[in-house]
Amino acid sequence: MKIAGIIPARYDSSRFPGKPLVEIQGKPMIIHTMENAASSPVLAKVIVATDDERIKTTVEKYGGNCMLSSKSLKSGTARCAAVLKQLNEPFDAVINIQGDEPFIHQEHIKAVGDLLENHAEIATLAKKITADKELQNPNVVKVVINNLGKTLYFSRHPIPYIRNRSTENSWQNYTFYKHIGLYGYQAKVLKNIVNLPLSDLEEAEKLEQLRWLDHNYTIYAGITSEESFGIDTPEDIKELEKFLNHS
């Protein structure tokens, strides 16, 4: 299977403008992400997908592949589909790598690649929740997975609800999972899902993957023990330094 790694990278983030170009350990964040992805044997090619010439110039300065796409695209998934359409060579699948996760684990890419190799329409990851603050945080997306590895639902709310048990430290009473936002798509599936209409579930939770479930696409989730660390705000840079010092 020939898999492309595509890294969506917008410049105009509302919470952190210019985020892909912020320096971490002396190098732009997008370059860390690109180089870590490029070192994966799972990916035949890695492309940064951006809407900004400054990001494109930076990526090319470091010898990377970068393609421009429209600022009007609403999601990383749409940006991945736009780049796939522009590529001159065929790919069987795409892995959408978050541009704001500069130290993405090789295990994460391999796990998603393995699911795609096993014919998953869409693949992603989950990690066991180990603290109540994660379970109660609406910015930490929770996922329920059946015993075949298929995802049943994603929510910002703790799911499932544990009846007849204290909600305090409920993560100790049940194995809850948080979603790790790395996606893999079969190429033909990616082309289709970007044309799906919005769903009520997606609108309610503001989670794009609920649109795919609502339209009967199957999402498989691999379980990982490796933590990911996304950068959403300038404050996260400080937290990242702590994370790196203890990893």
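Structural data are supplied above this passage.
Structure report, in brief. (Residues numbered from 1 in each chain as written. Predicted model: local features only at pLDDT ≥ 70, side-chain atom pairs only at ≥ 80, totals over all residues. Heavy atoms only, no water.)

### Quick word on the overall build of the protein chain
Quick note on the threshold: In this description a helix means any DSSP run of H or I spanning at least four residues, a strand means any run of E spanning at least two, and both kinds are numbered starting from the N terminus. The size measure is the radius of gyration over C-alpha atoms, and the globule rule it meets is 2.2 Å times the number of residues to the 0.38 power. Burial here depends on accessible area, computed with a 1.4 Å probe over protein chains only, as a share of the maximum for the residue type. Under 20% is buried, over 50% is exposed, and the range in between is partly exposed. Residue contacts are defined here by distance: any two heavy atoms, one from each residue, within 4.5 Å place the two residues in contact. Residue exposure ignores everything except the shown protein chains as possible cover, and the areas themselves are Shrake-Rupley values with a 1.4 Å probe.
Check the secondary structure of the protein chain and you find 9 helices and 11 strands. On C-alpha atoms alone, the protein chain measures out to a radius of gyration of 18 Å, which is about the 18 Å that the 2.2 N^0.38 rule sets for 247 residues. By the burial criterion, 49% of the 247 residues in the protein chain qualify as buried. Considering only contacts in the protein chain between residues 6 or more positions apart, those separated by 24 or more positions represent 67%. On the protein chain, roughly 12,500 Å² of surface is accessible, and the fraction owed to carbon and sulfur atoms is 47%.

### Focus: the packing of aromatic side chains
The following threshold applies: Here is the rule: rings of Phe, Tyr and Trp (six-membered ring for Trp) pair when centre to centre is within 6.5 Å. Planes less than 30 degrees apart are stacked, more than 60 are edge-to-face, and the remainder are tilted. Distance and angle both matter: a charge sits over a ring if NZ of Lys or CZ of Arg is within 6 Å of the ring centre and within 35 degrees of the ring normal.
Under the criterion given, the structure shown has 4 aromatic pairs. For the ring pair Tyr-174 and Phe-176, a centre distance of 5.1 Å and an interplane angle of 70 degrees mean the geometry is edge-to-face. Seen in terms of ring centroids, Tyr-183 and Trp-212 are 5.2 Å apart; in terms of plane orientation they differ by 75 degrees. Their pairing is edge-to-face. Residue Tyr-183 is located in strand 10 (residues 177-186), and its partner Trp-212 is located in helix 8 (residues 209-214); the two are separated by 29 residues in the primary sequence. Between Lys-2 and the ring centre of Phe-91, over which it is positioned, the NZ or CZ distance is 4.8 Å. The residue whose ring lies beneath Arg-54 is Tyr-11, and the NZ or CZ to ring-centre distance is 3.7 Å.

### Some details on the environment of Arg-54
Here Arg-54 lies in helix 2 (residues 53-61). Sequence-wise, Arg-54 and Pro-20 are 34 residues apart; in three dimensions their C-alpha atoms are separated by 9.9 Å. Setting aside anything within four residues of it in sequence, one finds Arg-54 in contact with Tyr-11 and Leu-21.

### A closer look at helix 2
Rules: Note that the arc is computed from the directions linking the helix axis to the C-beta atoms. Polar contact is defined as a pair of N or O atoms within 3.5 Å, subject to the rule that within protein one atom must be able to donate a hydrogen and the other to accept it, and that residues adjacent in sequence are counted only when both atoms are side-chain atoms.
Every buried residue of helix 2 is listed here: Ile-55, Lys-56, Thr-58 and Val-59. Each buried residue of helix 2 sits inside an arc of 165 degrees when the element is viewed along its axis, so together they form one side. The N-capping residue of helix 2, defined by a side-chain oxygen 2.8 Å from the backbone nitrogen of Arg-54, is Asp-52. Downstream of helix 2 by one or two residues, Gly-63 has phi in the positive range, about 85 degrees.

### Some words on the pairing of strand 4 (residues 45-50)
Operational definition: Two strands are counted as paired when DSSP detects at least two bridges linking them.
Across the 6 residues that make up strand 4, a large majority, 5, are buried. As judged from the 4 bridges shared by strand 4 and strand 5 (residues 65-68), these two strands associate in the parallel manner. In the sheet register, Val-48 faces strand 5, and the bridge partner there is Cys-66.

### Notes on the side chain of Glu-208
Threshold: Charge counting treats Lys and Arg as positive and Asp and Glu as negative, with His and both chain ends excluded. Here a salt bridge means any side-chain nitrogen of Lys or Arg lying within 4 Å of a carboxyl oxygen belonging to Asp or Glu.
Here Glu-208 is to be found in the loop between helix 7 (200-205) and helix 8. Among buried Asp, Glu, Lys and Arg side chains, Glu-208 stands out as unpaired, with Arg-211 the closest opposite charge at 4.9 Å. A distance of 3.1 Å separates the side chain of Glu-208 from the side chain of Thr-77, its partner in a polar contact. In contact with Glu-208, other than residues within four places in its own chain, are Ser-75, Thr-77 and Glu-202.

### A look at unusual backbone geometry
For the peptide bond that leads from Ile-159 to Pro-160, omega is -5 degrees, which places it in the cis range. Mapped onto the elements, Pro-160 comes out in the loop between strand 9 (151-155) and strand 10. If you check the backbone angles, Gln-25 has positive phi at about 50 degrees while not being a glycine. Structurally, the position occupied by Gln-25 is in the loop between strand 2 (23-24) and strand 3 (27-28).

### Overview of the pattern of salt bridges
Counted according to the given criterion, the structure contains 12 salt bridges. With a closest N to O distance of 3.1 Å, Glu-89 and Lys-45 form a salt bridge. Of this pair, Glu-89 sits in the loop between helix 3 (76-86) and strand 6 (93-96) while Lys-45 sits in strand 4, and the two are 44 residues apart along the sequence. Classification of Glu-89 by relative accessible area gives partly exposed; the value is 28%. Judged by its relative accessible area of 25%, Lys-45 falls in the partly exposed class. Glu-134 is the partner of Lys-178 in a salt bridge, and the nearest nitrogen-oxygen pair spans 2.6 Å.

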